[in-house]
Every structure is written in structure tokens, then in C-alpha cells.
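Remarks on the overall topology
For reference, the chains in residue letters:
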Amino acid sequence: MAYETTPSIQEVRTSFQRRAGRPARFEKAADPRRAMSRLFGYLKPFKRSLAMIVCFVLLQSLLGLVGPYLLGRAIDTSIAEKNIRSLLSTAVVMLIAYALSNGFNVIANWWMAGISQNALKNLRGDLFGHIQSLPMRFFDTNPAGGLMSRLTNDIDAINQTVSQNIISLIASVITMLGILVSMFVLNHWLALACLIVIPVMYWFSNFVVKYTRKGFRELQKDLGDLNAVAEETISGFKVIKAFRRNDSAIETFRQKNEAVFRSAVYANSYAMLLMPLTSVLGSFFVIVLASLGGWLALKGLVSVGMIAAFINYAQNFTTPLRQISNLYNSIQAALAGAERVFEIIDMEPETAALPGAQAELRAAGTDAGTPETEPFRLDSFRGNVSLRNVVFGYAPDKTIIRNFSVDILAGQTIALVGPTGAGKTTITNLLTRFYDIQGGQILFDGTDIRQIPKEDIRRSIGLVLQDTFLFADTVLENIRFGRLEATDDECVEAARLAEADHFIRQLPEGYRTNLSERAGNLSQGQRQLLSIARAILADPRILILDEATSSVDTRTELRIQKALLRLMKGRTSIVIAHRLSTIRDADSIVVIDDGEIVEQGSHEALLEKRGFYYHLYMSQFKGNEI
């Protein structure tokens, strides 16, 4: 039954122990018809197979209609005439009809399972692929747990309907239509009497669907919030333990649990109303037929066999009616899930490049006299970088970077220093086009980066972040992530240059050692070394080091510095460091405060000025306050 594919009220209720007192919120489905149409779009490539399935279902339903008719004939002829042979032959025919009907049902369901899983595989692939194309801003505002819920809970809700319930729905509709036709063929007065239950059922169905749709959409949303809390809590387990926030985490999870409980009770309560309603109406159906049929039989207008056939048809009519009613639970959950899935798929993907951006900026007077250049070519990119009057803010009403201008020649090393929150990492986000600037220009070899495909920009940049992320794969494959076509020897050489080879060979299986989730079986310093090896393997024209040595001890830092100096030679390098001793040899140091450049020059020149940089340096090494 369809309602068994989602948690029952009792199953949801037993998983919660306390009530939060939070009023339930319900959101009306945006456009369920459009969601259904788009879901069927994923089945369109299999339309020929679906047509064959419909044929099998049609045969299944028609053969199921043979039984009541033969039962009526047997009562009026075989039993009335006491013809045992005729009765036995009728029973055999009924047995064959029901056997064939169930056989066609098995074939249709088996075939539909393959089609539905293919369609869902495509839908799941489209959703995941589109998530990969979304801009960084999207991930800043959408927790990972919520996205996981769309890939799992919402897709599973759709799966329950597409793979299990479509056949039942088609069979139920065909059976109901076939029964109505059969009834009118046998006796139109009795058939008309049976029709009085249909508008009543239609009204009840519309009433229930109106509320179940809202409930299941809200249930899917609350499940996403619950997953987000669970994912965040498990990922930050060490922090929660360290700050003794177990009770707080449990309370937050309990509140989200309560929200799921309330939404599930609301949605399932309305969905389950249809079962008793259809049972009552089905009984009413039989009573009407028995009363009217009995009166007509007394008048000699119908036979007893015909009345038996009609009652049998009436019972068979209410069965698919109840099935359709039960399917509403699953269908509404699937439509709610589909809306959430398509909501992500319909989001605007990250723009690869904006053709004509440079011309538009020049026309607006913001090009600062940049001459016409040849189209950007990755293979001839020298590594010149210019930022001119750059303005940016993560929120429209809050500017982070103000009139930022700096020129970096190919092969130069420039350091960005300043207090926490000054905007140093934001500059790297703009250079990689994780975010697009709101004013000014960023030029690579004189070409506005908004004219350059993002794939080319990121292929030309090697990035080592302060927060290292490694995948649950082998050490070798994590290094190879920097350049997928690299050989094993090249990966090992990159690890050697990053001073990581020694500790890797001490792991249980060396380079073939599998890392746990988030590389929990390595120290923070070891994870940083692998991240550096990955960047070395990528062999970029521009190297961005965002606190690349912040998590290693002083001795290891010195070894890494030597490796980085070899790596940075001949490349444009942008270094962000709080340890000012690591950037003394930079060609230029840019001091940033509150999103603006306050000083720029070499290490010695800035110390002589005794300005902002001097106070930063002295506070770090001499204990003086700024």
C-alpha cells in the first residue's frame, strides 16, 4: 500500500519523547502540476516501453473484470440449471483469467522497476551535476545537510511513487473505467445508481489532497533542516565536546525533531483520512446496489446472478478507489520532493564568462584605459595580474573591499597582510572568481577575468587554503586531485617537494593508505602537506597560499618554506600570512585594513616607515601593542 512507503504517525511519534511547543508552519505547494509534468519528462525517453507496460496493465485489468461477469453467469445458468460440468468449466476459465491477470501485473511491475530507476538515475545525476555548477554564494547560504536531504529524502520520496505506485495508479484507473463500462452494458439503471458515490468521493479526495500536499512539502523541508543540524553536529563533534555544548546540540536537534514530528503528524493524519472514508463509501455502495437490485429482482427486471455480478463489481470498484486514495500519501510526498529538487535545478548556474564584459566596462568609463588585447589563451598566459579600483561586498549593503588597486608582474611574489577580517582571503576569492566583483576590474595579462572561462582561470591558479579538505580516498588519489592525468611517479615527486614523502611512507600502506572521512586519521599538519603536494602537482601559473603553513610546527615550516620557494620560482605568487617572518622575501607587501590598502612596499621599506606594518611586526615579535 502506498501509505506504507512513508513513516506512519505511530512510527514518527515513538521517535520523539518531548514536545517543543512550536506552532507548525505549512507552506503551500508552488505548482504541483508543473512538478508532475517535469517528472514525466524524465520518463519520456522510455515512452515505447511505457506504452507496452500500459498494454500489459490494460490486459491485467480487463482480465480482472471477467471474474464477476462469469460469477453472475454461473449463478443464473450453471447453478440454476444444476449443471455441474458448466460450473466447473466456468471456474476453470475464472482461474485462468485471474492467473493471467496477475502474470501481466508481475511483468508490468518488473519492467517498470527498470524504467523508473533509469529515470531516477538521470534525475539524481542532473541534480548533483547542477549543484556542482552553482556559484560559491549558494553554498554559503545553504547548509550541506539540506542539500543532502534533497539528494536522499526528496529523491527517495519520488522513487516510492515512480517505481512502485505508477502501475497501481494506472491499473486502478483502468479497472474503474472498465467496471463502469461493464455495469452500463449489464444494466444501465443499476449503473446509474452506482454513480452517486463518485462525486462524493471526488469531493472528499479534493478536500484531503489540499491539506496533505501542504503537509508533505513542509515535512520534506523540516527533514532537510533536521539533516543539516545532524550533519553539522557530527562534523563539529570535537568542538562540541571541547566547549561542553552537548546539551545545546541535543536541544537544537530536539527542536528540529519536534518540527518533523508536527509536520509528519499533520500530513499523515489527513492522508490517512481517505482509508476509512473510502471504506464507508464502499459499504454504502454495496447497500445501494443490494437494496435497489433486490427491489428490481422482486419486480422481475433483473436476475439474481446480475445482482451478484453488480455487487462484485461494486466491491472491485471501491478497491481501486481505496488504492488511489492511499496513493495520495506517496504522490503528495513525491510532488513536494520534486518541487524541492527542481527548485535547485532551476537555479542560475555559475557564469563561465561574460563575453563583451571588457567592452561594456570601457563604455562605462571603468576600464582605466586598458588597450585592446587578444583573447585570453591559457597556454600563453604569462601570469600578470592587475586589480584596478576593485569594489566588492558579500552583501549588497555591506562593502568589504574598497577601491583596491595593485599590479603584480609575472613571476613576482606579493604578500597580503593585515588584521583578521581585513579582506585578505576575500581577494583570493575574487581572483579565483568564486565571487564576481561589483566594481572595477581584475585583469589577467590585460584581459578582464569576466571574459575568461572560469575553468581556465582556475586551471591557471594553484590554491592552498588554511582549511584543508581531503577526500575519503587513498593518499595517492588525494594528491592526484591536483591533476587527474598525472602518473604515480609525478604524484610521489610532488609529495617529495612538499616534504610529505617521509610521513606518507610511514603510513600502514604508504601512498595506498585510505584516508578516513575528512582525513581524520592524519594530523592537521600532515593534511596541510598533502594539500601543498596537490598544488605542486597542478603546476599553476599563479600560486595562492592562504596561511599554507599555519598548522605545522616551526621545523616543518622551514622545510616547507624551502619547497615553496622552489615551487614559487618563476610563478606569480600571492601569499597570505599572519606569521610575518614567512613573507620577508616577498617582492612587495600589501598591507590591508578594513578592505583598503593602507601601505605597500618591501619588508625593509615598510619597517622604516614605522607605520601600520611596523606595528604589526613589532607586536608579533617584540610584544608591543599596536
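Before going further, it helps to examine the overall build of the protein. A count of helical and extended segments in the protein gives 22 helices and 10 strands. Within the protein, the fraction of its 626 residues that count as buried is 46%. In the structure as shown, the protein presents an accessible area of about 31700 Å², 58% of it carried by carbon and sulfur atoms.

Buried within helix H17 (residues 488-497) we find Cys491, Ala494 and Ala495. Along the axis of H17, the buried residues cluster in a sector spanning 100°; they form a single face. Where H17 is buried, its residues touch helix H16 (475-480), helix H18 (501-505) and helix H19 (524-538). In the stretch just after H17, Glu499 is the one whose phi turns positive, near 60°.

Turning our eyes to something else, we now look at the packing of helix H4 (residues 84-133) against helix H6 (residues 144-186). Interaxial distance between H4 and H6 falls to 8 Å at its minimum, and their mutual angle equals 155°. For the element pair H4 / H6, the angle class is roughly antiparallel. The handedness of the crossing between H4 and H6 is right-handed. Of the residues in H6, those touching H4 at Asn105, Ala108, Asn109, Met112, Ser116, Gln117, Leu120, Leu123, Arg124, Leu127, Phe128 and Ile131 are Arg150, Leu151, Ile155, Ile158, Asn159, Val162, Ser163, Ile166 and Ile167. Counted by class, the contact of H4 with H6 contains 13 nonpolar, six polar and two charged residues.

A separate point is empty space enclosed by the protein. Space left empty within the atom packing is revealed by a probe, the size of a water molecule, rolled over the atoms. Inspection of the entire model under this criterion finds two cavities of 30 Å³ or more. Estimates place the volume of the largest cavity at around 50 Å³. Around the largest cavity, the lining residues are Leu387, Phe404, Val406, Ile408, Ile414, Leu416, Ile427, Leu431 and Ile574. The set of elements that each furnish at least two residues to the lining of the largest cavity consists of strand S2 (401-408), strand S3 (413-417) and helix H14 (424-431). Ranked by residues supplied to the lining of the largest cavity, first place goes to S2 with three residues. Here the residues of the lining of the largest cavity sort into nine nonpolar, no polar and no charged.

A few words now on the environment of Arg217. Within the secondary structure, Arg217 is located in helix H8 (residues 197-235). For the pair formed by Arg217 and Ser263, sequence separation is 46 residues and the distance between their alpha carbons is 8.9 Å.

Among the nonpolar cores identified, the biggest contains 42 residues, and Ile479, Ile504, Leu530 and Ile589 are the most heavily contacted of them. Ranked by residues supplied to this core, first place goes to H19 with seven residues. Excluding residues that lie within four positions of it along the chain, Leu530 makes contacts with Leu470, Val475, Ile479, Ala500, Phe503, Ile504, Leu515 and Leu522. With 39 residues, the next largest nonpolar core counts Tyr42, Leu120, Leu123 and Leu134 among its residues.

This paragraph deals with the sheet that holds strand S8 (residues 572-576). Taking strand neighbours across the sheet as the criterion, the six strands line up as S6-S7-S8-S3-S9-S10 in an open arrangement whose pairing is mixed. The open sheet terminates on both sides in strands that have one partner only, identified here as strand S6 (461-464) and strand S10 (596-601). The average angle at which neighbouring strand axes cross in this sheet is 15°, direction not considered. Where S3 lies against strand S9 (residues 588-593), four bridges are found, and the strand directions are parallel. When the sheet's bridge partners are listed, Ile414 is paired in S9 with Ser588. Running over the sheet, H14 touches S3, S6, strand S7 (542-546), S8 and S9 and is turned about 145° from S8. Running over the sheet, H19 touches S6 and S7 and is turned about 180° from S6.

Pairing of S9 with S10, which is carried by five bridges, proceeds in the antiparallel orientation. Bridge pairing in S10 places Val590 opposite Gln600. Taken together, S9 and the strand that follows it, S10, pair antiparallel across an intervening segment of two residues, in which Asp594 is found at a positive phi of about 55°.

This brings us to the side chain of Lys424. Inspection of the secondary structure puts Lys424 in helix H14. Taking the relative accessible area as the measure of exposure, Lys424 reaches 6% and is therefore buried. Of note is the side chain of Lys424, whose polar atom sits 3.1 Å from the backbone oxygen of Pro419. Apart from the residues lying within four places of it in its own chain, the contact partners of Lys424 are Leu416, Val417, Gly418, Pro419, Ile576, His578 and Ile592.

Tracing the chain through its elements places Thr175 in helix H6. Since its relative accessible area comes to 17%, Thr175 is described here as buried. Separated by 2.7 Å, the side chain of Thr175 and the backbone oxygen of Ala171 make a polar contact. Ignoring sequence-local partners within four residues, the contact set of Thr175 consists of Ser61, Leu65, Asn316 and Pro320.

Turning next to the packing of H17 against H19. Relative orientation of the contacting elements H17 and H19 amounts to 125°, with a least axis distance of 8 Å. One way to sum up the angle between H17 and H19 is to call them oblique. Handedness of the H17/H19 crossing: right-handed. On the side of H17, the interface is formed by Glu490, Cys491, Ala494, Ala495 and Leu497, while H19 contributes Ala533, Ile536 and Leu537.

This part is about the environment of Val385. Looking at where Val385 falls in the secondary structure, it is placed in strand S1 (residues 385-392). Residues Val385 and Ile442, spaced 57 residues apart in sequence, show a C-alpha to C-alpha distance of 7.3 Å. In contact with Val385, not counting residues within four places along its chain, are Val406, Asp407, Ile408, Leu431, Leu443, Phe444, Ile542 and Thr572.

Below, the discussion takes up a nonpolar patch on the surface. A grouping of Phe469, Phe471, Phe481 and Leu484 is seen on the molecular surface, where their side chains present a nonpolar patch of about 430 Å² in accessible area. Structurally, Phe481 is set in the loop between H16 and H17. Under the relative-accessibility criterion, Phe481 is labelled partly exposed at 48%.

So, how was this worked out
- Residues numbered from 1 in each chain as written.
- Predicted model: local features only at pLDDT ≥ 70, side-chain atom pairs only at ≥ 80, totals over all residues.
- Heavy atoms only, no water.
- Helix = DSSP H or I, 4+ residues; strand = E, 2+ residues; numbered from the N terminus.
- Buried < 20%, exposed > 50% of the residue type's maximum accessible area, 1.4 Å probe, protein only.
- Areas by Shrake-Rupley, 256 points an atom, 1.4 Å probe, with all protein chains shown as cover.
- Arc of directions from axis to C-beta.
- Contact = heavy atoms within 4.5 Å.
- Axes fitted to C-alpha atoms, helices over the stretch in contact; angles between N-to-C directions.
- Parallel < 35°, antiparallel > 145°, perpendicular 65-115°, else oblique.
- Left-handed = near helix turned anticlockwise from the far one by under 90°.
- Nonpolar A, V, L, I, M, F, W, Y, C, P; charged D, E, K, R; others polar.
- 1 Å grid on protein atoms, 1.4 Å probe; cavity = no way out; pocket = protein on both sides within 12 Å on 5 of 7 lines; lining within 4 Å.
- Points joined across faces, edges and corners; volume = space filled by probe spheres on them.
- Core = buried A, V, L, I, M, F, W, Y, C linked by side-chain atoms within 4.5 Å.
- Pairing = 2+ DSSP bridges.
- Polar contact = N/O pair within 3.5 Å; in protein donor to acceptor, adjacent residues only side chain to side chain.
- Patch = residues over 30% accessible without salt bridge, like charges linked within 9 Å, V, L, I, M, F, W, Y side chains within 5 Å.
- Salt bridge = Lys/Arg side-chain N within 4 Å of Asp/Glu carboxyl O.

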